[in-house]
Amino acid sequence: GQGDSFLLVQDGQTALIDCGTRETGKDVVEYLNQLGISKIDYLFGTHPHEDHMGGMYDVITNFDIGKIILPEVKSGEVSTNWYIKLMTMIKTQGYELETATYGMTYNLGDASINIIGPICTPQDGNLNNYSTVLKVSFGEMDIIMTGDAEEEVENTILANGDDIDAEILKVGHHGSNTSTSEFFLESVSPDYALISAELGNSYKHPTKTTM
């Protein structure tokens with residue numbers, strides 16, 4: 001469907017990057033149950049849009065959660081009921097909550113998850129540009145996970161000078177033309193690109209330009 005949720009498993013440890021929509025959160029829970037997973041060591045919410053974090057309430061109420069990593073969103077900028085309910089529950093129930101910070105590294109078995117995205121306050125209130133961007137590395141394989149980060153964020157990543165060459169790219173913003181600039185794509189130079197978009201969606205993702 002029109003949402004994101006990616007599961008990483010290495011040496012018995014798990015990381016979940018986004019949780020789908022409020023409607024599909026139950027599908028994420030069912031999938032994890034089918035795999036026999038009982039604990040999520042790292043739970044990343046890339047940014048506060050419903051198609052990425054809407055299913056998080058279902059996930060955190062059904063599994064043992066090690067650490068929740070979220071971007072720091074300016075107070076009052078997101079006023080949707082599902083987000084307020086989620087954040088209230090996380091803060092009052094004693095979950096370990098960490099602000100996504102550029103340069104942080106999390107070990108997942110023999111893999112590593114590095115925050116390479118510039119965690120910044122969008123100038124125009126564009127919530128997509130809160131997106132935490134991750135580089136996942138395992139041996140000689142690297143994956144760039146972009147959330148919905150748009151070209152503004154991509155340019156900042158490029159300016160930071162981090163090595164973003166990777167075998168797999170999770171294409172930003174469901175293949176929208178606001179993301180995946182030609183320079184960014186050339187810098188990642190992936191062998192495979194993953195686009196999460198519902199067939200026939202009203203947004204017309206992925207765009208012809210991106211493809």
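On a predicted model such as this, the values are computed, not experimentally measured, just so you know.

Pairing in this open sheet of five strands is mixed, and the strands run β1-β2-β3-β4-β5 from one edge to the other. This sheet does not close on itself; its edge strands, each paired only once, are β1 (6–10) and β5 (97–99). Looking at each pair of strands side by side, their axes are set apart by 20° on average, direction ignored. Sheet analysis places β1 next to strand β2 (residues 13–17), joined by five bridges and oriented antiparallel. Residue pairing in the sheet places L7 in a bridge with L16 of β2.

Okay, the pattern of salt bridges next. Under the definition given, this model contains six salt bridges. Measuring nitrogen to oxygen at the nearest pair gives 2.8 Å for the salt bridge that ties K170 to D4. One end of the pair, K170, is in strand β10 (residues 168–170); the other, D4, is in the segment before β1, and 166 residues separate them in sequence. Classification of K170 as buried rests on a relative accessible area of 1%. For D4, a relative accessible area of 2% gives the class buried. Among the ionic contacts, a cluster of salt bridges with common partners joins K67, E96 and E98.

Time to look at the layout of surface pockets. Looking at the largest pocket, its volume works out to about 390 Å³. Lining the largest pocket are 21 residues, and of these Q2, G3, T21, D51 and H174 lie nearest its centre. In the lining of the largest pocket, the residues fall into two nonpolar, 15 polar and four charged. In this model, the second largest pocket occupies a volume close to 310 Å³. As for the second largest pocket, its lining consists of 17 residues, of which V73, S75, Y83, M87 and K91 are closest to the centre. Tallying contributions element by element places helix α4 (residues 81–92) first for the lining of the second largest pocket, with four residues. Grouping the constituent residues of the lining of the second largest pocket by class yields eight nonpolar, four polar and five charged.

Rules of the game
- Residues numbered from 1 in each chain as written.
- Predicted model: local features only at pLDDT ≥ 70, side-chain atom pairs only at ≥ 80, totals over all residues.
- Heavy atoms only, no water.
- Pairing = 2+ DSSP bridges.
- Helix = DSSP H or I, 4+ residues; strand = E, 2+ residues; numbered from the N terminus.
- Axes fitted to C-alpha atoms, helices over the stretch in contact; angles between N-to-C directions.
- Salt bridge = Lys/Arg side-chain N within 4 Å of Asp/Glu carboxyl O.
- Buried < 20%, exposed > 50% of the residue type's maximum accessible area, 1.4 Å probe, protein only.
- 1 Å grid on protein atoms, 1.4 Å probe; cavity = no way out; pocket = protein on both sides within 12 Å on 5 of 7 lines; lining within 4 Å.
- Points joined across faces, edges and corners; volume = space filled by probe spheres on them.
- Nonpolar A, V, L, I, M, F, W, Y, C, P; charged D, E, K, R; others polar.

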